[in-house]
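Breakdown of the fold
The lines below spell out each chain.
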Amino acid sequence: MIGFLARRLIAVVPVLMIVAGLVFLMLRLVPGDPAAVIAGEAAGDAEVAELRVRLGLDQPLLSQFAIWVGEILRGNLGESYFFKMPVADLILQRLEPTLALGIFSLLLSVLIAVPLGVVAAYKQDSLLDRFVMMLSVTGFSVPVFVLGYGLVYLFSIQLGW
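Note that the structure is predicted; figures quoted are calculated from it, not measured.

Definitions and cut-offs
- Here, residues in each chain are numbered from 1, in the same order as that chain's written sequence.
- Residues qualify for local features only when their pLDDT is at least 70, as the model is predicted, and side-chain atom pairs are given and counted only at 80 or more; totals for whole chains, interfaces and linings, by contrast, use all residues.
- Just so you know, side-chain values use all the structure's heavy atoms and leave hydrogens and water out.
- Only DSSP runs of H or I reaching four residues or more are called helices, and only runs of E reaching two or more are called strands; each is numbered from the N terminus.
- Only C-alpha atoms enter the radius of gyration; for comparison, a globular chain is expected to reach 2.2 Å times N to the power 0.38, where N is the number of residues.
- Residue contacts follow a heavy-atom distance rule, with two residues in contact if any of their heavy atoms lie within 4.5 Å.
- Residue burial considers only the protein chains on display, and all accessible areas are found by Shrake-Rupley using a 1.4 Å probe.
- Residues scored as positive are Lys and Arg, those scored as negative are Asp and Glu, and His as well as the terminal groups of each chain are ignored.
- Where a charge lies is defined by one atom per residue type, namely NZ (Lys), CZ (Arg), CG (Asp) and CD (Glu).
- We call two N or O atoms a polar contact when they sit within 3.5 Å, provided that within protein one can donate a hydrogen and the other can accept it, with sequence-adjacent residues counted only if both atoms are side-chain atoms.

1. A closer look at the overall build of the chain
A count of helical and extended segments in the chain gives seven helices and two strands. From first element to last, N terminus to C terminus, the chain shows the α and β order α-α-α-α-β-β-α-α-α. In terms of overall dimensions, the chain is more spread out than a globule: its C-alpha atoms have a radius of gyration of 24 Å, far above the 15 Å expected for 161 residues. Along the longest, intermediate and shortest principal axes, the C-alpha atoms of the chain span 75 × 50 × 30 Å. Here the analysis covers contacts within the chain between residues at least 6 apart in sequence; of these, 31% occur between residues at least 24 apart. Of the roughly 13200 Å² that the chain leaves accessible, carbon and sulfur atoms contribute 74%. Positive and negative charge centroids in the chain, built from 10 and 12 side chains respectively, lie 13 Å apart.

Shown next, in the form of structure tokens:
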């Protein structure tokens, strides 16, 4: 079992490197100069050039990728230009509510799905079984954002919760 798990974890490394490379290329190959966008419209050519050097955008693409991966492996996710603070701090600020929401939704899903599945299995080929199957297929088919808007509308606007 441990050997299987180790092989699976090792197999993840090339996939992560390919995904990281694709993300990096998408970010670097879009039209426009990131330094000019960060510096703003009022910045002069000298300021943009200085920012390009500071961000390492003047180096070859392969060197930029190596630096980027190295910083990520050290835990440095960079600084948010919008919030002017480290990205890791922004993630940590939002980690607790995200985990609470995820755990609550998982518990709610299990508390609803398991009893419905047991009832559907017990009443196999009945109208109740077909209804539970229809409900589960609909639940998987509807995009999350549509379901979210529908639930917000139901609970906040219609029910006033």
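From this point, the discussion proceeds with the structure in view.
2. Re the side chain of glutamine 64
Turning to its location among the elements, glutamine 64 is positioned in helix 4 (residues 61-73). Side-chain polar atoms of glutamine 64 contact the side chain of arginine 28, separated by 2.8 Å. Among the polar contacts listed, one links the side chain of glutamine 64 to the backbone oxygen of leucine 57, at a separation of 3.4 Å.

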